[in-house]
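Chain by chain, the residues run as shown.
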Amino acid sequence: MKLREILRFELVYQLRRPWPWLAFAVLLVFAFENTRTGVVPVTLPRDFVLNSPFIIATVTVFSCIVWLLVASAMAGEAAARDVQTGMHPLTYTLPVGRAEYLGGRFLAAFLLNALVLLGVQAGCLLGVYAGGVDPGIIGPFRPEAYLAAYAFIALPNAFIVAAVQFAFALLAGRALASYFASVLLVFLAVPVSLFAYFALGEPLLGRMTDPIGMIGIMNAMMLEWTIVEKNVRMFRLEGAVLWNRLLWLGIALATLGFVHLRFRF
């Protein structure tokens, strides 16, 4: 019951603030523009379908990098607001356990990020169906393509990133620490994974060190799928993509476990 009350309070508190809605708007606009100006020029000469599962998954992965940098405040505030505002002498004396306090705050951060990431799928939909696009490059509407990108890319990323951001902010006692966690994750997702994949010649290592999916998801689809597959094949968790998601979800859970052990009221 106490966990649910903490969760509800944190959700209501943050939804009244501008940051979740601003992040949602940024992602919606980015996904819309990425679909229109980034994807449309590629579809025309190569016979891509604009609303294919491949395009939707690609836009989702790129949008997650932007989301990492604009949405860190939610997990940071959920973790560190009491200490940063000097309210912890009061809140830490309430009759609530560590698991309830940390669980309620973290679940709120995760759900807020999951809500914000819906802006990506909304932007993809608007990019295809808001008008101004050649009907010849639009395929049949397949809701499962949007659901797969959200369930297999966005939601795991929301959990992984929120866990790391929450841990950094809680242990540092500063919401700003969540931004440094985001920078670290971007560093792992882009230069480290690219270096392992191309410079070291270790594709599997490159895919496994990527917490977001830039290499682990998108690169595999780009290199291994034919044009026909990119237009019709549904994105699924399989092979290296599945192991990437399991690895980083395990790291996220271990991070939360470490925070639970270290935290003291």
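Residues numbered from 1 in each chain as written. Predicted model: local features only at pLDDT ≥ 70, side-chain atom pairs only at ≥ 80, totals over all residues. Heavy atoms only, no water.

1. Things to note about the overall build of the protein chain
Here is step 1: What the protein chain contains, in helices and strands, is 12 helices and zero strands.
Here is step 2: Seen in sequence order, the protein chain has helices and strands lined up from the N terminus as α-α-α-α-α-α-α-α-α-α-α-α.
Here is step 3: In terms of C-alpha radius of gyration, the protein chain reaches 19 Å, essentially the compact-globule figure of 18 Å for 265 residues.
Here is step 4: Based on the C-alpha atoms only, the size of the protein chain along its principal axes is roughly 65 × 45 × 30 Å.
Here is step 5: Burial statistics for the protein chain: of 265 residues in total, 50% are counted as buried.
Here is step 6: Relative to all contacts within the protein chain whose residues are 6 or more apart in sequence, the contacts with residues 24 or more apart total 80%.
Here is step 7: Total accessible area on the protein chain stands at roughly 12,200 Å², and carbon and sulfur atoms take up 72% of it. (Helix = DSSP H or I, 4+ residues; strand = E, 2+ residues; numbered from the N terminus. Rg over C-alpha atoms; globule rule 2.2 N^0.38 Å. Buried < 20%, exposed > 50% of the residue type's maximum accessible area, 1.4 Å probe, protein only. Contact = heavy atoms within 4.5 Å. Areas by Shrake-Rupley, 256 points an atom, 1.4 Å probe, with all protein chains shown as cover.)

2. Concerning the nonpolar core
A general trend in soluble globular proteins is that nonpolar side chains are found buried together.
Here is step 1: Counting 73 residues, the largest nonpolar core has Trp67, Phe106 and Leu117 as the members making the most contacts within it.
Here is step 2: Of all the secondary structure elements, the ones that give two or more residues to this core are α2 (18–46), α3 (53–70), α4 (72–84), α6 (98–129), α7 (143–172), α8 (177–199), α10 (214–224) and α12 (239–262).
Here is step 3: Per-element accounting of this core gives the leading share, 18 residues, to α7.
Here is step 4: When neighbours within four sequence positions are excluded, Leu117 is seen to be in contact with Leu27, Cys64, Trp67, Tyr150, Ala154 and Ala158. (Core = buried A, V, L, I, M, F, W, Y, C linked by side-chain atoms within 4.5 Å.)

3. Examining a nonpolar patch on the surface
Here is step 1: On the surface, Trp19, Leu22, Val26, Leu69, Val70, Phe168, Leu176, Tyr179, Phe180, Val183, Leu184 and Phe187 cluster together into a nonpolar patch covering about 1,100 Å² of accessible area.
Here is step 2: Going through the elements one at a time, α2, α3 and α8 are the ones with two or more residues in the nonpolar patch.
Here is step 3: Of all the elements, α8 adds the most residues to the nonpolar patch, at five residues.
Here is step 4: Mapped onto the elements of the fold, Val183 is located in helix α8. (Patch = residues over 30% accessible without salt bridge, like charges linked within 9 Å, V, L, I, M, F, W, Y side chains within 5 Å. Salt bridge = Lys/Arg side-chain N within 4 Å of Asp/Glu carboxyl O.)

4. So, the side chain of Asn157
Here is step 1: With respect to the element layout, Asn157 can be found in helix α7.
Here is step 2: Taking the relative accessible area as the measure of exposure, Asn157 reaches 0% and is therefore buried.
Here is step 3: Ignoring sequence-local partners within four residues, the contact set of Asn157 consists of Cys64, Trp67, Ala162, Pro211, Ile212 and Arg245.

5. Considerations on the packing of aromatic side chains
Here is step 1: By the definition in use, this model includes eight aromatic pairs.
Here is step 2: Measuring from centroid to centroid gives 5.9 Å for Tyr129 and Phe141, while their planes differ by 80°, and the two rings are edge-to-face. Separated by 12 residues along the polypeptide, Tyr129 in helix α6 and Phe141 in the loop between α6 and α7 bring together distant segments of the chain.
Here is step 3: A residue is classified by how much of its surface remains accessible, and Tyr129, at 39% relative accessible area, is partly exposed.
Here is step 4: Three or more aromatic residues joined by ring pairs make a cluster, and in this case those are Phe106, Phe110, Phe159 and Phe166. (Phe/Tyr/Trp six-rings, centres within 6.5 Å; stacked < 30°, edge-to-face > 60°.)

Distances and angles like these do not, on their own, reveal function.
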